[in-house]
Amino acid sequence: MYKKIVVIILMSTIVFILGFTTEQSAYTKKRGTSAREHLIQKEVLDQMLSFKAYIKDTLAVEVHKEEIDPVGLRKAFLKTRILFKRFEWASEYFTADLSKRLNGPPVEEVENADLLDPSLARGVEPVGLQVIEELIYPTFDNSNRQKLICEIEHLITNADYLISYFKDHQLEDWRILDASKLEVFRIISLGITGFDNPLFQNSMMEASVALGSLQSTLLHYGTRRERLFLTLTKAINYLQGNTDFNSFDRALFITQFANEISTEIAALERNQTGPKIKYNRMLRQGVNTMFDLDAFNADAFSPGPKFHLSDEKTVLGKKLFYDVALSGTHTRSCASCHNPNLAFTDGMMLQEDIHASGRLLKRNTPTLLNAALQSNYFYDMRSLTLEDQIQDVIGNKQEMDGSMTTIVQYVSSDKIYQSLFNNAFGTESKLVSADQITNALASYIRSLTKINSRFDVYMRGDRTALSASEVDGFNLFMGKGKCATCHFLPLFNGVTPPKFMQSEVEVLGVPSSQKSAVLDADLGYYTIIGVDSYKYAFKIPSVRNVKKTAPYMHNGIYQTLDEVMEFYNNGGGAGLGIKLPNQTLSDENLHLTEKEKKDIIAFMESLESQ
């Protein structure tokens, strides 16, 4: 059984929120609907009505039979998913919350807002197609019949809400095209990995239906873009002709089809006239592919515009980063634990307490490379911004034991710092603040965003950038190995594409030591949020630069990637005999061969920043 835990994040700007909720802006209501927009809206509505009708007339009928036919039930379920994929591009873009009620992860969810007052945190029970999948596969247990009936009723109810929304809200050309491009990104990062279809693994057929629906929609924008429609046709044919989940060549599909499709859609989008809303996205709105140079915005999760990155802040932040005076003992700087030669880690299992040699901290030191490209910080997700994380570390009695008041006094009396703060913040006529100190340090960390590995070069068109073993490893990572259902393409961390608005944690069942079958006692995210399903859950780190970031896991117990691969291949903690009912990692053996494990490691090592 494969499950996901999702944490919904709150963004810092209203503009961002406008882009991904069911609310329409005042701008949208001022203009009329074109004939093309109206026609596309009608087609989407018809698809949603067909989805609801099939659930009522077929899926619900199957489950109400006196004796359920498991084969007929699974067939009806697979058809229901196919019908959902026809309008997925629209529901995910315009009505993300409702779409999640139809096809969201099959575990409780909590909102990041609950971090502001964890005493109010409540898990939201999952509903939808992925919950149903777990009830009927690999075998159907008749004792689950009533729960299955309830889930199907939820589907019908939420389909009604979806239909009601699309009846009353107009679509716009630029948003239709933006949604279409994001659907291509969704297909390559989630669809072909089995993220939302992990048990049946009907991923290629579902992806072909989703692309076919996009093709029908894009036909309304004229047939002059012959290259787009030809590539769409080739991509659909390739998906339909290569349906085996494990052997599907994802590298070929992305580089030869998907990247060209999204590039052509982006060109169509740019050609649309009239006003558009500019969203504060981590994945920049105007990209052609997810692999474009500078595709990701390191400022997306900053507290607001005045905290955005600048060269002057970066210079100041770098000096602060290497200054031991920020610690209470004047013996430790940020760089003491985040060595640039080790991808800004320390190479240690656990760092020492600043006051006691030999007394270890609780968790392994994470990399700071690409740290800006995530929504939460620390393994337990407790900080929402880099600024909060930095203040926490500086004040932590075991880590740096520093005082922001003392640091403010120190930098304010230093002439070099005075000049640097003035350049960065214009502080000549006013006092330096703690916020400016943490923002300068955060700006330096945001400057460490580097998406320029050999893998990225390969995805941008240089087919010589990766070896055959590395390409095979990528396909395994994205498929049979199930790695990409947690470490999402292209960042390979836990922030879910294509909107990159939500961050995931996982319950892996990590042992207390490499040779132990005893669960590590650290409760992780549960200590912050207090929801039972999150016991032993930890933030999903990036596997970029993984070659330099050993040892691995939140407690640093694995020294090599071979050891990590063995842990995952055997089903995580369950494979070690650890009884953990809420483990979200699949407890099944992946049956990876020695060569396949070596290929996956070779691919991960190709993700090193250049």
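Residues numbered from 1 in each chain as written. Predicted model: local features only at pLDDT ≥ 70, side-chain atom pairs only at ≥ 80, totals over all residues. Heavy atoms only, no water.

## A word on the overall build of the protein
Then, number 1: When you go through the protein residue by residue, the secondary structure sums to 23 helices and six strands.
Then, number 2: Taken over the C-alpha trace, the protein has a radius of gyration of 25 Å; the compact-globule value for 610 residues is 25 Å, and the two agree within 12%.
Then, number 3: Dimensions of the protein along its principal axes, counting C-alpha atoms only, are 75 × 60 × 50 Å.
Then, number 4: By the burial criterion, 60% of the 610 residues in the protein qualify as buried.
Then, number 5: Taking all contacts inside the protein whose residues are at least 6 apart in sequence as the whole, residues at least 24 apart take part in 72%.
Then, number 6: Placing the 65 positive and 74 negative side-chain charges of the protein at their respective mean positions leaves the two points 4 Å apart. (Helix = DSSP H or I, 4+ residues; strand = E, 2+ residues; numbered from the N terminus. Rg over C-alpha atoms; globule rule 2.2 N^0.38 Å. Buried < 20%, exposed > 50% of the residue type's maximum accessible area, 1.4 Å probe, protein only. Contact = heavy atoms within 4.5 Å. Lys, Arg positive; Asp, Glu negative; His and termini not counted. Charge placed at Lys NZ, Arg CZ, Asp CG, Glu CD.)

## With respect to unusual backbone geometry
Then, number 1: The step from Y137 to P138 runs through a cis peptide bond, and the omega angle for that step is 5°.
Then, number 2: That bond from A550 to P551 is cis: its omega, 0°, falls within 30 degrees of zero.
Then, number 3: Tracing the sequence through the fold places P551 in the loop between β6 (537-539) and α21 (561-569).
Then, number 4: If you check the backbone angles, F378 has positive phi at about 75° while not being a glycine.
Then, number 5: When you line up the elements, F378 lands in the loop between β4 (356-360) and α14 (386-395).
Then, number 6: Non-glycine residue Y536 carries a positive phi angle of around 65°.
Then, number 7: With respect to the helices and strands, the residue Y536 is situated in the loop between α20 (526-529) and β6.

## Regarding the packing of helix α10 (residues 226-241) against helix α11 (residues 250-270)
Then, number 1: At a minimum axis separation of 9 Å, α10 and α11 run at an interaxial angle of 145°. The two elements α10 and α11 cross, and the hand of that crossing is left-handed. On the side of α10, the interface is formed by R227, L228, T231, L232, K234, A235, Y238 and L239, while α11 contributes L252, F253, Q256, F257, E260, I261, E264, I265 and L268. (Axes fitted to C-alpha atoms, helices over the stretch in contact; angles between N-to-C directions. Left-handed = near helix turned anticlockwise from the far one by under 90°.)

## Quick look at the confidence of the model for the protein
Then, number 1: For the protein, the average pLDDT comes to 92, and 93% of its residues sit at 70 or higher.
Then, number 2: Confidence drops under a pLDDT of 50 for residues 6-29, and excluding neighbours within four residues, the segment shows 80 contacts in the predicted structure. (pLDDT = per-residue confidence, 0-100.)

## Observations concerning empty space enclosed by the protein
Then, number 1: Enumeration according to the criterion identifies four cavities of 30 Å³ or more in this entry.
Then, number 2: Taken as a whole, the largest cavity holds about 50 Å³ of empty space.
Then, number 3: Forming the boundary of the largest cavity are K85, E88, E183, R186, I187, G191, S203, E206, A207 and A210.
Then, number 4: Where the lining of the largest cavity is concerned, the elements lending two or more residues are α4 (70-94), α8 (173-189) and α9 (203-218). (1 Å grid on protein atoms, 1.4 Å probe; cavity = no way out; pocket = protein on both sides within 12 Å on 5 of 7 lines; lining within 4 Å. Points joined across faces, edges and corners; volume = space filled by probe spheres on them.)

## Describing the nonpolar core
Then, number 1: One finds F166, L211, F253, F455, L489 and M604 to be the most contacted residues of the largest nonpolar core, which totals 124 residues.
Then, number 2: Among all residues touching F253, those that are not within four sequence positions of it are I187, I188, I192, L211, A235, Y238, L239, F248 and A258.
Then, number 3: By size, the runner-up hydrophobic cluster in this structure holds 37 residues, among which are A372, L386, I390 and I394. (Core = buried A, V, L, I, M, F, W, Y, C linked by side-chain atoms within 4.5 Å.)

## With respect to helix α23 (residues 594-605)
Then, number 1: With 12 residues, α23 extends 17 Å between its outermost C-alpha atoms, agreeing within 8% with the 16 Å of an ideal straight helix rising 1.5 Å per residue.
Then, number 2: If you check which residues of α23 are buried, you get E596, K597, D599, I600, I601, A602, F603 and M604. (Expected span 1.5 Å × (residues − 1).)

## Let's talk about the environment of T560
Then, number 1: Within the element layout of this structure, T560 appears in the loop between β6 and α21.
Then, number 2: Residue T560 is classed as partly exposed on the basis of its relative accessible area of 33%.
Then, number 3: In the structure, T560 is positioned 226 residues away from C334 in sequence and 25 Å away in space, judged by C-alpha atoms.
Then, number 4: A distance of 3.2 Å separates a polar atom in the side chain of T560 from the backbone nitrogen of E563. (Polar contact = N/O pair within 3.5 Å; in protein donor to acceptor, adjacent residues only side chain to side chain.)

## Thoughts on the side chain of Q41
Then, number 1: For Q41, the location among the structural elements is in helix α3 (residues 35-64).
Then, number 2: Reaching out from Q41, the side chain makes a polar contact with the backbone oxygen of F166 at a distance of 2.6 Å.
Then, number 3: When sequence neighbours within four positions are dropped, the list of residues in contact with Q41 reads F166, K167, H169, Q170 and L171.

## Considering the pairing of β4
Then, number 1: Direction of pairing for strand β3 (residues 352-353) relative to β4: antiparallel, over a ladder of two bridges. Bridge pairing in β4 links D353 to A356.
Then, number 2: Between the antiparallel neighbours β3 and β4 lie two residues. (Pairing = 2+ DSSP bridges.)

## Some details on the pattern of salt bridges
Then, number 1: Scanning the model with the defined rule gives 31 salt bridges in all.
Then, number 2: One salt bridge connects K52 with D160, and the closest N-O pair in it is separated by 2.5 Å. Of this pair, K52 sits in helix α3 while D160 sits in helix α7 (residues 145-168), and the two are 108 residues apart along the sequence.
Then, number 3: Residues D196 and R81 are paired through a salt bridge, measuring 3.2 Å at the closest nitrogen-oxygen approach. On the criterion of sequence distance, the pair formed by D196 in the loop between α8 and α9 and R81 in helix α4 is long-range, its members being 115 residues apart. (Salt bridge = Lys/Arg side-chain N within 4 Å of Asp/Glu carboxyl O.)

## So, the packing of α4 against α8
When two helices pack together, you describe them by how their axes are tilted relative to each other and by the distance separating the axes.
Then, number 1: At a closest axis distance of 9 Å, the pairing of α4 and α8 adopts a crossing angle of 110°. Between α4 and α8, the angle falls in the class roughly perpendicular. On α8, the residues that touch E88, W89, E92, Y93 and F94 of α4 are W174, R175, I176, D178, A179, S180, L182, E183 and R186.
Then, number 2: Looking at the contact of α4 with α8, its residues break down into seven nonpolar, one polar and six charged. (Parallel < 35°, antiparallel > 145°, perpendicular 65-115°, else oblique. Nonpolar A, V, L, I, M, F, W, Y, C, P; charged D, E, K, R; others polar.)

## What to know about the packing of aromatic side chains
Then, number 1: Under the criterion given, the structure shown has 32 aromatic pairs.
Then, number 2: Ring geometry for Y165 against F166: centres 5.2 Å apart, planes inclined by 80°, an arrangement best described as edge-to-face.
Then, number 3: Using a relative accessible area of 9% as the deciding quantity, one classes Y165 as buried.
Then, number 4: Given the relative accessible area of 0%, F166 is considered buried.
Then, number 5: Their ring planes at 70° and their centres at 5.4 Å tell us that F455 and F492 sit as a pair that is edge-to-face. Taken together, the positions of F455 in helix α18 (residues 454-459) and F492 in the loop between α19 (468-478) and β5 (502-507) put the pair 37 residues apart, joining distant regions of the chain. (Phe/Tyr/Trp six-rings, centres within 6.5 Å; stacked < 30°, edge-to-face > 60°.)

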